[in-house]
Amino acid sequence: MSEATMVDYDGLIPNNVGLNQDARVRRALETWHPGYIDWWKTMGPEGFQDALVYLRTAVGVGAEGWARFDYVKMPEYRWGILLAPQVEGRTIPFGAHKGQPALQEVPGEYRAMLRRLLVIQGDTEPASVEQQRHIGATAPSQYDLRNLFQVNVEEGRHLWAMVYLLQKYFGRDGREEAEELLRRHSGDPDSPRMLGAFNEATPDWLSFFMFTFFTDRDGKMQLAALAQSGFDPLSRTCRFMLTEEAHHMFVGETGVQRIIQRTCEAMRDAGIDDPTDIPRVRALGVIDLPTIQKKVNLHFSLTLDLFGSEISTNAANAFNAGLKGRYREDRLTDDHQLLQDTYPVLRLKDGAMVQEDVPALSSLNMRLRDDFVADTAQGIARWNRVLERAGVEFRIHLPHVAFNRRIGEFAAAHADTEGNLLDSAVWQARSNTMLPTDDDYRYVESLMLPVRERGAYAGWIAPPRIGIDNKPGDFEYVRIE
Ligand SMILES: [Fe+2]
Ligand SMILES: [Fe+2]
């Protein structure tokens, strides 16, 4: 591993940003550290703070070999500040300052905007840990329990990543924001997290897998757009965070895939051809496919809201300023300034859906959301291949983007999963055929019985094809004292 990609593990806070030479920021982070640990112990995984968990810890930031696996007690996890290597001669890739040297400090005129971007991103990271804090108790296997905790510690590290930028570049304001990030809590009526989907409950493992599939993917899209930033420290931070985010989506996608697979196997063994015969499928102790579809409808629509209004001057300003780019900006071949361009946006006009060409700068949220939908669809296609291979006549579909929305063009309307606009009465009558009902939640909850033996899996989920770190099927991923 080269000098530039190695992490210094000597001090309290592992880092590759030279904290030893930066007494001011080191002191600020060390002052914040006890509050963070306190937050982790009170708001993090409940009941497993003393368990030894087989976790990966980043030891470098190079593309190859950046992780080490070992048993760790979670409160002793080495959360660090890890930036991808600086790219020599990098320039601002887009916006009004395109082509100028990448920013190493924050220009005064963009301070407020950048601070807001960091705080919004930072707020989501601890929120998901809080949302998932109870579900360790009902894990379907040691393998899944370990994956939950890996996601949790990495979301904790993502909080560190944003807090570092706040403290390094925003002085006292940054320190105050860092305290606030520990003070707000998911679902807290007095001081909730900033974005809706991060105040929803994660009551069971189907919800957890759906969350990591859909909502962590919003994280991926936001990080990918910020990784393009002309503010170089933000770009470098996000580039490394994306390597961790890939694992979160793996957990979600393979989690749901294994549930679908198990349902198909159980139906085949029982000779059930009709996937919509819910009582018979549930009698087998597996999750019926229509319920999985309803959960897709719910989590997809909640996650779309995270992209904000389709048409947004904030998004245009952040792009012009060179702070937040588009998904894979570096692979796009236009002028990266978009002053003359338009982008098609689906809008609600006089009670009808119409596609309208809107200035491309104003519709960047819409564009990122479209990229999200395309990325999501690839995962759904892989789920459907499991159904196809099993010969089961059912396919998972993404609902229409107007379905069940709280933010943006369709917030005031009701639409079904096909995108037909409905009046309130029809919506009331039909919504429980499209969204999970109390009864659906009760059924899924009834399956949530913990499985703790090595190599064993709950009856509603298939084992994974390969273990973490290539470990054998009966590997002890979590040692509970
Ligand atoms: Fe994250
Ligand atoms: Fe994540």
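Throughout, a residue's number is its position along its own chain's written sequence, starting from 1. Chain A is the first chain written and ligand 1 is the first ligand written, with later ones labelled in order. Thresholds applied to this predicted model are a pLDDT of at least 70 for local features of residues and 80 or more for the giving and counting of side-chain atom pairs; totals over whole chains, interfaces and linings are not thresholded and use all residues. Side-chain metrics rest on all non-hydrogen atoms present in the structure, leaving aside hydrogens and water.

### Comments concerning the coordination of the iron ion (ligand 1)
Protein ligation of the iron ion (ligand 1) involves E125 (OE), E155 (OE) and H158 (ND1), the donor distances falling in the range 2.1 to 2.2 Å. Listed donor atoms are N, O and S within 2.8 Å of the metal (Na, K and Ca: 3.2 Å). As water is not included, a site may look incomplete. For the iron ion (ligand 1), all donor residues lie on one chain, and their spacing in sequence is E-x29-E-x2-H.

### Focus: the environment of D341
Here a helix means four or more residues in a row that DSSP labels H or I, a strand means two or more in a row labelled E, and each is numbered from the N terminus. With respect to the helices, strands and loops of the structure, D341 is situated in the loop between helix 9 (313-320) and strand 3 (342-349). A contact between two residues is defined here by any heavy atoms of the two lying within 4.5 Å. In contact with D341, not counting residues within four places along its chain, are D334, D335, V358, P359 and A360.

### Section: the packing of helix 3 (residues 142-169) against helix 6 (residues 232-270)
Two numbers describe how helix 3 lies on helix 6: the axes approach to 10 Å, and their chain directions differ by 160°. If you check the angle between helix 3 and helix 6, you find them roughly antiparallel. Crossing of helix 3 against helix 6: the hand is left-handed. All residues other than Ala, Val, Leu, Ile, Met, Phe, Trp, Tyr, Cys, Pro, Asp, Glu, Lys and Arg, Gly among them, are scored as polar; the first ten of these are nonpolar and the last four charged. Looking at the contact of helix 3 with helix 6 residue by residue, the class counts come to 13 nonpolar, six polar and eight charged. All axes here are fitted lines through C-alpha atoms, helices being fitted over the stretch that makes contact, and every angle between N-to-C directions spans 0 to 180 degrees. By definition in this entry, angles of less than 35 degrees are roughly parallel, angles greater than 145 are roughly antiparallel, angles of 65 to 115 are roughly perpendicular, and the rest are oblique. The sense of a crossing depends on the near helix, which, turned anticlockwise from the far helix by less than a right angle, makes the crossing left-handed and, turned clockwise, makes it right-handed.

### Structural notes on the pattern of salt bridges
For this analysis, a salt bridge means a side-chain nitrogen from Lys or Arg found within 4 Å of a carboxyl oxygen belonging to Asp or Glu. Per the counting criterion, the structure on display carries 33 salt bridges. In this structure, D288 and R282 form a salt bridge, with 2.7 Å as the shortest nitrogen-oxygen distance. You can call D288 buried: its relative accessible area is 0%. Burial classes: relative accessible area under 20% of the type maximum marks a residue as buried, over 50% as exposed, and values in between as partly exposed (1.4 Å probe, protein chains only). Since its relative accessible area comes to 14%, R282 is described here as buried. Here E476 ties to R454 by a salt bridge, and the two come within 3.9 Å at their closest N and O atoms. Here E476 is found in the loop between helix 12 (438-447) and strand 7 (478-479), whereas its partner R454 is found in the loop between helix 12 and strand 7, with 22 residues between them in sequence. Taking relative accessible area as the criterion, E476 reaches 23% and is therefore assigned partly exposed.

### With respect to the pairing of strand 1 (residues 52-58)
Counting buried positions along strand 1 gives six out of seven residues, so the element sits mostly inside the fold. With seven bridges connecting them, strand 1 and strand 2 (residues 67-73) associate as antiparallel partners. Its bridge partner lying in strand 2, V53 is registered against V72. Note that strand 1 and strand 7 share two bridges and pair antiparallel. Looking at the pairing, V53 lines up with V478 of strand 7. When DSSP locates at least two bridges between a pair of strands, those strands are taken to pair.

### A closer look at the pairing of strand 3
As defined by bridge partners, strand 3 adjoins strand 4 (residues 352-359) across eight bridges and the pair is classed as antiparallel. Of the residues in strand 4, the one forming a bridge with T342 is P359. Connecting strand 3 to the antiparallel partner strand 4 that follows it, the hairpin turn spans two residues, and D350 within it adopts a positive phi of roughly 50°.

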